[in-house]
Amino acid sequence: MPIIKLETTINADINICFDLSRSIDLHVISTASSNEKAISGTIKGLINMNESITWQATHFGIRQKLTSVITAFDRPFYFRDEQVKGVFKSIIHEHYFENLNGDTVMKDIFKFRSPLGVLGHVVDRLLLTNYLKQLLYTRNMVIKDFAESTKWKPFLNEKKN
């Protein structure tokens, strides 16, 4: 199972970073390149424990859907989302947050597995790992940009715990 690990240091409060990371609206902005949109479940605002969302996006010219659910939640330090329906055999995305000298260190651990056995394993190694790593990096840079400015305010005005 491929594992992508990213670490992003953000000069912002841990609560802002945590909430922006679970903002459906900001996620849509950060994935504009794949026309990702929320089509069912929690489709606006902040996603919480046991809530699900179905995304529709276009990757490699193919429109696809993926449903995930928040399966662990410890605000503002950690949450996990897991695919429950979609093209992958499995996806587990763990989000960690740590306050370090006034900054927030945001860590992503993204584990995935494609279907199709050995062929899927080859596709994971040759194509998907780098593609997904770039998607996650872009998403993190959007979170960093919004958190380190005042752009975050409209996304967290009506926040849910």
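Fair warning: this is a prediction, and the values are worked out from it, not measured in the lab.

Student: Report on helix α1 (residues 14-21), specifying residues and quantitative values.
Tutor: With respect to burial, α1 is a largely interior element, 7 of its 8 residues being buried. What α1 keeps buried is the set Ile 14, Ile 16, Cys 17, Phe 18, Asp 19, Leu 20 and Ser 21. Two or three places before Asn 15, at the opening of α1, Asp 13 has a side-chain oxygen 2.8 Å from that residue's backbone nitrogen.

Student: I'd like to hear about the side chain of Thr 104, residue by residue, with values.
Tutor: If you trace the backbone, Thr 104 turns up in strand β7 (residues 103-113). Within the structure, Thr 104 has its side chain in polar contact with the backbone nitrogen of Ile 14 (distance 3.1 Å). Other than its neighbours up to four places away in sequence, Thr 104 contacts Thr 8, Thr 9, Ile 10, Ala 12, Asp 13, Ile 14, Cys 17, Phe 97 and Glu 98.

Student: So, the pattern of salt bridges: which residues are in play, and what are the values?
Tutor: Oppositely charged side chains are able to pair whenever their charged atoms sit close together. Counted under the stated rule, the structure contains 8 salt bridges. For Asp 25, the salt bridge goes to Lys 44, with nearest N and O atoms at 3.8 Å. Of this pair, Asp 25 sits in helix α2 (residues 24-30) while Lys 44 sits in the loop between β2 (37-41) and β3 (52-59), and the two are 19 residues apart along the sequence. Of the charged contacts in the structure, one is a salt bridge between Lys 111 and Glu 94, with a shortest N-O distance of 4.0 Å.

Student: Help me get a handle on the nonpolar core, residues and values and all.
Tutor: In terms of nonpolar packing, the biggest core is built from 34 residues, with Leu 20 and Phe 112 touching the most fellow members. Top element by residues in this core is helix α3 (residues 117-147). It accounts for 7 residues. Those residues within four positions of Phe 112 in sequence are excluded, and the remaining contacts are Met 1, Pro 2, Ile 4, Phe 88, Ser 90, Ile 91, Asp 124, Leu 128, Thr 129 and Leu 132.

Student: Give me a positive patch on the surface: which residues, what numbers.
Tutor: A surface patch of positive charge is lined by Lys 37, Arg 63, Lys 65 and Lys 85. In this structure, Lys 85 sits in strand β5 (residues 78-85). With a relative accessible area of 63%, Lys 85 lands in the exposed category.

Student: Got a sec to walk through the environment of Ile 109? Specific residues and values, please.
Tutor: Within the secondary structure layout, Ile 109 lies in strand β7. You can call Ile 109 partly exposed: its relative accessible area is 21%. Distance from Ile 109 to Thr 129, taken between C-alpha atoms, is 12 Å for residues 20 residues apart in sequence. The residues touching Ile 109, leaving out its near neighbours within four places in the chain, are Ile 3, Ile 4, Lys 5, Ile 92, His 93, Glu 94 and Tyr 96.

What counts and what doesn't
Residues numbered from 1 in each chain as written. Predicted model: local features only at pLDDT ≥ 70, side-chain atom pairs only at ≥ 80, totals over all residues. Heavy atoms only, no water. Buried < 20%, exposed > 50% of the residue type's maximum accessible area, 1.4 Å probe, protein only. Helix = DSSP H or I, 4+ residues; strand = E, 2+ residues; numbered from the N terminus. Polar contact = N/O pair within 3.5 Å; in protein donor to acceptor, adjacent residues only side chain to side chain. Contact = heavy atoms within 4.5 Å. Salt bridge = Lys/Arg side-chain N within 4 Å of Asp/Glu carboxyl O. Core = buried A, V, L, I, M, F, W, Y, C linked by side-chain atoms within 4.5 Å. Patch = residues over 30% accessible without salt bridge, like charges linked within 9 Å, V, L, I, M, F, W, Y side chains within 5 Å. Areas by Shrake-Rupley, 256 points an atom, 1.4 Å probe, with all protein chains shown as cover. Lys, Arg positive; Asp, Glu negative; His and termini not counted. Charge placed at Lys NZ, Arg CZ, Asp CG, Glu CD.

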